Amino acid sequence: MKVLSFLRTLVFPGTILGLWLLLLTTGQSATASSPAATSTVQPRRGGTLRLALPADVSSLDPARGFDTISFQFLLLLYQGLVEYGDGAELVPALATDWHLSTDRRTYTFHLRPGARFSNGRAVVAADFVYSMERTLDPKIAAPTESYFEEIAGAPEFRAGKTPHVRGLRAPAPETLEIELAAPDPTFLFILTLPGALVVPQEAVAQFGANFTAHPVGSGPYILTEWQRGTVMRFARNPLSPQTNRQHLDAIEVRVGGDRTLHLMMFEQGELDIAEVDDFPGIPIPDFLRIEQSPRWHLLIERIPTGSANYLSMNTEMPPFDNLKVRQAVNYAINKEKLIRLLHGMAATAAGILPVTMPGFNTNLQSYPYDPAKARQLLAESGFAGGLTVELWCEVDPSPIPASLQYDLKQVGINAQLNPVTFPTLLHSQEQRKTAQCCTSAWSQDYPDPSDFLDVMFNGNRITESGCQNTSFYNNPQVNQLLAAAATCPDPSQRLHLYQQAEQIIVTDAPCVPLYQPYSYALHQPWVHGVALHPVVYFRFERMWLDR
Amino acid sequence: MLHRLLRRLGLSVVTLLGTAFLTFMLLNAVPGDVARVIAGAKASPEVIKEIHAKYHLDDPLWQRFFLYLNQLAHGDLGHSYVTDQSVAEALITRLPTTAALSALAVVMWIALAVPLGALTARFRDSWFDRSTLVVATITLSLPAFWLARMLQYWLGYQLGWFPIGFFRSLGDLLLPAAALAILFVGYYARLIHTNMVDVLESPYIQAARAKGLSETRILFKHALRNAMIPVITILGMDVAGLLGGVLFIENVFALPGIGTLAVQSVFNLDPPVIMGTVLFSATMVVGANWVVDLLYGLIDPRIKSAV
């Protein structure tokens, strides 16, 4: 809690919000560069960074890879127009600068001269047009496709009515114009997603569906070997001018095994970072031992993730169509206990937005742990004798579902656990009137409140299946606030609208915000530059070794 | 002879078709949208719809099954929905690791089980026999994943005698193969023991003793050969069905074999890969049946003549 308070008081207002506001007020025209590294030791060139993953990355094709793990490796190989700096702020990548038209619909980017793909060809504006059209191509079915639909002409292109997207133009080799159908304050963030990373058309044509195994980009590294399910090797891209991100000669990623094996290998010195797979970065059973170890505790990096875990209640299904029952569930859950069960690897959550998110509201009114109040609310809603509900959760050794079950039992709710595999859980909770209540989680695609509130609580987004509003929550007042915030030109007013919407959502209690996990990186003493990034997490291209 | 072979071939095809049918139907009975697996948790409903169309996920089940069979008939096992890799390629690249691990394990457990089984039969009811029985019972009861993790932790991590994970050379297979062999050695030692006890009491062994042959010669030349006939049958089936044990061992030791592929495909809900690994396993069982039949004939000439 101390760390959380620290972040709330210092990091959020002082850094993230400041940088974010700076971007939105002045950043529509930017020539900023990344802040210099804060390390006092001079980086050394050379060496191979040794990592391990439990399973292969799903794809090294930016049109197809969209999970957290793939993204970290895509950023070794490819670049986009903009990228994240040391924090959540955006800085130029292949664009040197950009400006936004007065109607806030058209961005004009100027490309960095001399940028080359790893096949030797210069990167030109037409490559961006091609790459984003490829992302929008229905035949590709790119996971990030929906984010780019706001480009003018994208729906017509997807429907096969036009051969090109009208809003993507390359008037000169070094100039790119992107016209939106309507102003969108988050569009620059969307340009950091894999679907906006640039690929050369001739290489995609040459390798077809197998482009993932023969990636060609302009990033600081190239893929030299990929034995599926065994090993991936990356080497410095000789054509990349980014010498400040090419300290390592190579990166070797062994594929297979679980977190326990990886930690053992790390402790034997065979891996340079214990776990790069996913949250939390250190296996939970070993966490206390590692954290208290004199050998390792100073080599742990920690960052609050832009993700949050919830107990979602389907507001269309009884008994959760009753506000008092939902409020009772909120009062019933002991969140401090959850944090203890997670060995302090997460912070308690009051609201929907993670602490790292612009618009995080420290004054949010939420429901404290109060079992007596929960029982009273249940009695008022006609469930004085108790009730039985089905709680869907993932099959894993997490202690969370059992703890929720216990807390609910204390107030008279008999929650029967229904543990299922992750794909099944996802499918069921996104299906209308299927899962009465379930554990759920969301992590940011980019640091903007819309990525949580609009996606998960906008009633206008409710669909019969594949619905990410897993509470099927529909409040017209919230929908209006979200619509107003989506196009609001004033950044502070926009955040205010999101805060209003979040307060109404929390009061309506369609879910219980449970906790917000931290991400950890445990590294060897000879590995430097590990600092976890609030959006991207691991940035291997910035690491260096001194052994 | 030809008629019998054709009959066996027909039965094998039916077995494989039945396996394919059951696996396909069970996979489709599992709740969960594979389109969501392919596109990720955040894909829009439009993208999900496109994937449904691309992989014919909305077609009637029987139609999809026949589509799959047609694909199989053309030697195409399909592509992974998650990695887009050809399933056949995934199986072929992982086969050498699984084969090497299995072969090493079989050599280890037979090399241990044969002398143990023979000697415990020879010295029946001795302390050696009884203690072997106790150890055999313990190894039979051990869960594969636990044994593998314990060997990895103690012999690899704590004592540093073996590499603990990943495959770089054949030496890296010693500990995983030992873990796999330990699971079987006790059972085989007891099996050989029981057969040997029967054989050692048979008249032709009494006759050999009466002729003055040495006990070692009787035990390992005359008795063991007959005692091994039923063992060969079970061994063939066990080797074919070894994937069950290999699953755990490969995963614990991070070996890039078919077992790891199978486990990952189940967790990813990746139907083409699940189908591929199940069919591979079924083909191994069917093939092993053939091999066992052949070996039977070689070991016991009476069976050959009966055929």
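Residues numbered from 1 in each chain as written. Chains lettered and ligands numbered in written order. Predicted model: local features only at pLDDT ≥ 70, side-chain atom pairs only at ≥ 80, totals over all residues. Heavy atoms only, no water.

A.B. asks: What is the right way to look at the confidence of the model for chain B in this model?
C.D. replies: Any residue range with low pLDDT should be treated as having predicted coordinates unsuitable for detailed reading. Here chain B averages 86 in pLDDT, and 96% of its residues register 70 or above. Across the predicted assembly, pTM comes out at 0.84 and ipTM at 0.83. (pLDDT = per-residue confidence, 0-100.)

A.B. asks: Would you take a moment to explain the domain arrangement of chain B for this structure?
C.D. replies: All names here are of chain B. Partitioning chain B into structural domains gives domain 1 (2-73) and domain 2 (87-306). Just the C-alpha atoms count here: the centres of domain 1 and domain 2 sit 33 Å apart. Residue-level contacts link 18 residues of domain 1 with 14 residues of domain 2. Between domain 1 and domain 2 the total buried area reaches about 1,400 Å² when both faces are included, carbon and sulfur atoms providing 79% of it. (Domains from an automatic or database assignment. Contact = heavy atoms within 4.5 Å. Buried area = accessible area lost by both parts, 1.4 Å probe.)

A.B. asks: Just checking my understanding: could you explain the packing of helix α8 (residues 174-200) of chain B against helix α11 (residues 243-253) of chain B for this structure?
C.D. replies: For any two helices packed against each other, one specifies the inter-axial angle together with the distance between the axes. Residues and elements named next belong to chain B. Direction vectors running N to C along α8 and α11 enclose 150°, while the axes themselves pass 10 Å from each other. Viewed along their axes, α8 and α11 adopt a mutual orientation that is roughly antiparallel. The crossing of α8 and α11 is right-handed. Packed against α8, whose contacting residues are L175, P176, A179 and L180, the element α11 presents G245, V246, I249 and F253 at the interface. Split by residue class, the contact of α8 with α11 holds seven nonpolar, one polar and no charged. (Axes fitted to C-alpha atoms, helices over the stretch in contact; angles between N-to-C directions. Helix = DSSP H or I, 4+ residues; strand = E, 2+ residues; numbered from the N terminus. Parallel < 35°, antiparallel > 145°, perpendicular 65-115°, else oblique. Left-handed = near helix turned anticlockwise from the far one by under 90°. Nonpolar A, V, L, I, M, F, W, Y, C, P; charged D, E, K, R; others polar.)

A.B. asks: How do you make sense of the environment of Y130 of chain A when you look at a structure like this?
C.D. replies: All names here are of chain A. Looking at the secondary structure, you find Y130 in helix α3 (residues 125-136). Classification of Y130 by relative accessible area gives buried; the value is 17%. Here the alpha-carbon distance between Y130 and R295, two residues 165 residues apart in the chain, equals 50 Å. Once you skip the residues sitting within four places of it in the chain, Y130 turns out to touch V199, P200, Q201 and V204. (Buried < 20%, exposed > 50% of the residue type's maximum accessible area, 1.4 Å probe, protein only.)

A.B. asks: I tried to follow the sheet that holds strand β8 (residues 221-227) of chain A on my own but got confused; where do I start?
C.D. replies: Strand pairing in a sheet relies on backbone hydrogen bonds, with the paired strands running either antiparallel or parallel. Residue and element names in this part refer to chain A. Spatially, four strands are ordered β1-β10-β9-β8 in an open sheet, and the strand pairing comes out mixed. Bordering the open sheet on either side are β1 (48-53) and β8, each of which pairs with just one other strand. Mean inter-strand twist for the sheet, computed between neighbouring axes without regard to direction, equals 15°. Here five bridges tie strand β9 (residues 231-236) to strand β10 (residues 250-255), and the two strands are oriented antiparallel to one another. (Pairing = 2+ DSSP bridges.)

A.B. asks: How should I be thinking about the interface of chain B and chain A in this particular structure?
C.D. replies: Frequently, the measure chosen for interface size is the accessible area removed from exposure when the parts meet. On the chain A side, the residues contacting the 40 residues of chain B number 46 residues. Of the roughly 3,400 Å² buried where chain B meets chain A, counting both sides, 55% is carbon and sulfur surface. Between the two partners, chain B and chain A, sit three salt bridges. Where E270 of chain A meets R168 of chain B, a salt bridge forms, and the shortest distance between an N and an O atom there is 3.5 Å. Viewed at the interface, chain A and chain B are joined by seven residue pairs in polar contact (both at pLDDT 80 or more). Elements supplying a minimum of two residues to the side of chain B that touches chain A: α2 (34-39), α3 (45-54), α7 (144-158), α11 and α12 (258-268) of chain B. Top contributing element to the side of chain B that touches chain A by residue count: α3 of chain B, with six residues. (Salt bridge = Lys/Arg side-chain N within 4 Å of Asp/Glu carboxyl O. Polar contact = N/O pair within 3.5 Å; in protein donor to acceptor, adjacent residues only side chain to side chain.)

A.B. asks: When you look at the sheet that holds strand β6 (residues 168-172) of chain A in this model, what are you seeing that I'm missing?
C.D. replies: All names here are of chain A. If you trace the four strands from one edge of the open sheet to the other, you get β4-β5-β7-β6, paired in antiparallel fashion. Each edge of the sheet is formed by a strand with only one pairing partner; in this case those strands are β4 (95-100) and β6. With direction set aside, neighbouring strand axes in the sheet form an average angle of 20°. As paired elements, strand β5 (residues 106-111) and strand β7 (residues 175-179) share five bridges and run antiparallel to each other. Across the sheet, the residue bridging to T108 is E177, located in β7.

A.B. asks: What is the right way to look at the confidence of the model for chain A in this model?
C.D. replies: Across chain A, the average pLDDT comes to 89, with 92% of residues at 70 or higher. Counting interchain partners and residues more than four positions distant, the pLDDT-below-50 stretch residues 1-39 of chain A has 71 contacts.

A.B. asks: Would you mind going over the pattern of salt bridges with me for this structure?
C.D. replies: Pairing between side chains of opposite charge can happen when their charged atoms approach one another. Residues and elements named next belong to chain A. All chains considered together, the criterion is met by 35 salt bridges over all chains. With its nearest N and O atoms 2.8 Å apart, the salt bridge here joins R50 to D272. Note that R50 is positioned in strand β1 and D272 in the loop between α7 (259-267) and α8 (284-291), a separation of 222 residues in sequence. Each of the salt bridges in this network shares a partner with another, and the network as a whole consists of D103, R105, R169, E177 and E179.

A.B. asks: Would you mind showing me how to read the nonpolar core here?
C.D. replies: Most often, soluble globular proteins keep nonpolar side chains buried together rather than apart. Counting residues in each nonpolar core, the largest one holds 82 residues, and the members touching the most others are F73, I178, L191 and F234 of chain A. With near-sequence residues (within four places) excluded, L191 of chain A lies in contact with L81, V82, F109, M132, F148, I178 and A196 of chain A. Grouped together as the second largest cluster of nonpolar side chains are 63 residues, A20, A90, A144 and A227 of chain B included. (Core = buried A, V, L, I, M, F, W, Y, C linked by side-chain atoms within 4.5 Å.)

A.B. asks: What's the story with the state of the cysteines in this structure? I'm lost.
C.D. replies: Two cysteines joined by a covalent bond between their sulfur atoms form a disulfide. Following the criterion strictly, the structure yields zero disulfides over all chains and no others. As a non-bridged cysteine, C393 of chain A has C437 of chain A as the owner of its nearest cysteine sulfur, 9.5 Å distant. (Disulfide = S-S within 2.5 Å.)

A.B. asks: So what exactly am I meant to see when it comes to unusual backbone geometry here?
C.D. replies: Glycine aside, negative phi is the norm for most residues, and most peptide bonds take the trans geometry. In this structure, the amide linkage connecting P318 of chain A to the following residue, P319 of chain A, adopts the cis form with an omega of 0°. Of note, R104 of chain A is a non-glycine position whose phi angle comes to about 60°, a positive value. By the element assignment, R104 of chain A lies in the loop between β4 and β5. Phi is positive for H56 of chain B, which is not a glycine, with a value near 55°. Within the secondary structure layout, H56 of chain B lies in the loop between α3 and α4 (61-73).

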